[in-house]
Every structure is written in C-alpha cells, then in structure tokens.
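# Per-entry structural report
Here are the chains, one letter per residue:
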Amino acid sequence: MHRTFRGILATMLIACGVADAAGYAQAQNLLTIAAPVSGQTVDGTLSFSGTAFVNSITRRGTIRGQTNTGVECRGTTTANLTFSRGEGTMVCGQLSTRFVFSLTSRQPPVGTGTGTLSDGRKVVLRIGQ
C-alpha cells in the first residue's frame, strides 16, 4: 500500500509541475501546471518571454512575462488537456493579442501556437522547452 501511494504521489507531482530555469518540469503544487512560454512577431521586431500557470482542475490560468523592450505582459489562458489544445489573450502595454496553441506533450507541457496582435502582426508562440 505504501509503495502504491508513493507511486501515485510521484506521478501527480510530475503531472503538476513547474518549469525551472532550464525549462524542465519540477514539482510545485498539485493544482498548478506551469510552463515557460515565449513568442515573437513573425517580422522579429517584438518578442515575449514569461510563464503560464494553469489550474489542473479548472483548466484556466494566467500568463505573466515581459517583452524584449521591458514592457510587462499579463494574460489569461484556457487549456483543454483532453485534446491538448488551448487559447488565450494577453496584453503588453498598448498591444493585445489573441492566440491558440496545441501541445505535443503534456508532461512536461510542450507545444506551439499562433496569434494576432491588435496592430495586425502575426505572432508565433512556443510552450515549454
């Protein structure tokens, strides 16, 4: 019984991890999935880096980070982990974006996405390592 409980607990900690500085998952809390997120405009003039935090029960979360020019960014996201897809919005200063993403791995979270800035520029996103 004790060995089974340890196995279940280890699986839960891996599934609900947080990314360290190298982008690898580490245990944080059983309800939060965290992953590094980065993105840039297709023309390469603006980039973003930050972290997404998603509640593993509600599948809703937040994104925080900043642009390469130092502007703070905040947003929200919703993930459908059953189908490994999601969507969200983010605001960085005067610019906002809507985006969609798909995950190729859920443990640790890894995937890509696309979006459009409020000024019409296209954005590509990378989730995880």
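The structure we're discussing is the one just above.
Residues numbered from 1 in each chain as written. Predicted model: local features only at pLDDT ≥ 70, side-chain atom pairs only at ≥ 80, totals over all residues. Heavy atoms only, no water.

Attention now moves to empty space enclosed by the protein. Evaluation of the coordinates by the stated rule reveals two cavities of 30 Å³ or more. Taken as a whole, the largest cavity holds about 140 Å³ of empty space. Surrounding the largest cavity, 15 residues form its lining, Leu46, Phe48, Met90, Leu117 and Val123 being those nearest its centre. At the level of secondary structure, the elements contributing two or more residues to the lining of the largest cavity comprise β3 (32-41), β4 (47-55), β7 (85-92), β8 (95-106) and β10 (122-127). In terms of residue class, the lining of the largest cavity is built from eight nonpolar, seven polar and no charged. (1 Å grid on protein atoms, 1.4 Å probe; cavity = no way out; pocket = protein on both sides within 12 Å on 5 of 7 lines; lining within 4 Å. Points joined across faces, edges and corners; volume = space filled by probe spheres on them. Helix = DSSP H or I, 4+ residues; strand = E, 2+ residues; numbered from the N terminus. Nonpolar A, V, L, I, M, F, W, Y, C, P; charged D, E, K, R; others polar.)

A few words now on the side chain of Thr97. By the element assignment, Thr97 lies in strand β8. On the basis of relative accessibility, which here comes to 9%, the residue Thr97 falls in the buried class. Separated by 3.1 Å, the side chain of Thr97 and the backbone oxygen of Thr116 make a polar contact. Look past the residues within four positions of Thr97 in its chain and what remains in contact with it is Gly88, Thr89, Met90, Gly115, Thr116, Leu117 and Val123. (Buried < 20%, exposed > 50% of the residue type's maximum accessible area, 1.4 Å probe, protein only. Polar contact = N/O pair within 3.5 Å; in protein donor to acceptor, adjacent residues only side chain to side chain. Contact = heavy atoms within 4.5 Å.)

Note that Val71 resides in the loop between β5 (60-67) and β6 (72-80). The spatial distance from the C-alpha of Val71 to the C-alpha of Phe48 is 9.2 Å, given a sequence separation of 23 residues.

Another aspect to go through is the state of the cysteines. Across all of its chains, the model carries one disulfide by this definition. Linked covalently through their sulfurs, Cys73 and Cys92 form a disulfide whose S-S length is 2.1 Å. Taking the sign of the S-S torsion, 120° for the link of Cys73 and Cys92, the bridge is right-handed. Within this pair, whereas Cys73 is found in strand β6, its partner Cys92 is found in strand β7, the two being separated by 19 residues in sequence. (Disulfide = S-S within 2.5 Å.)

Following the sequence through the fold, Thr67 ends up in strand β5. With a relative accessible area of 6%, Thr67 lands in the buried category. Engagement of the side chain of Thr67 in a polar contact is seen with the side chain of Thr69, the distance being 2.8 Å. Apart from the residues lying within four places of it in its own chain, the contact partners of Thr67 are Leu46, Ser47, Phe48, Cys73 and Cys92.

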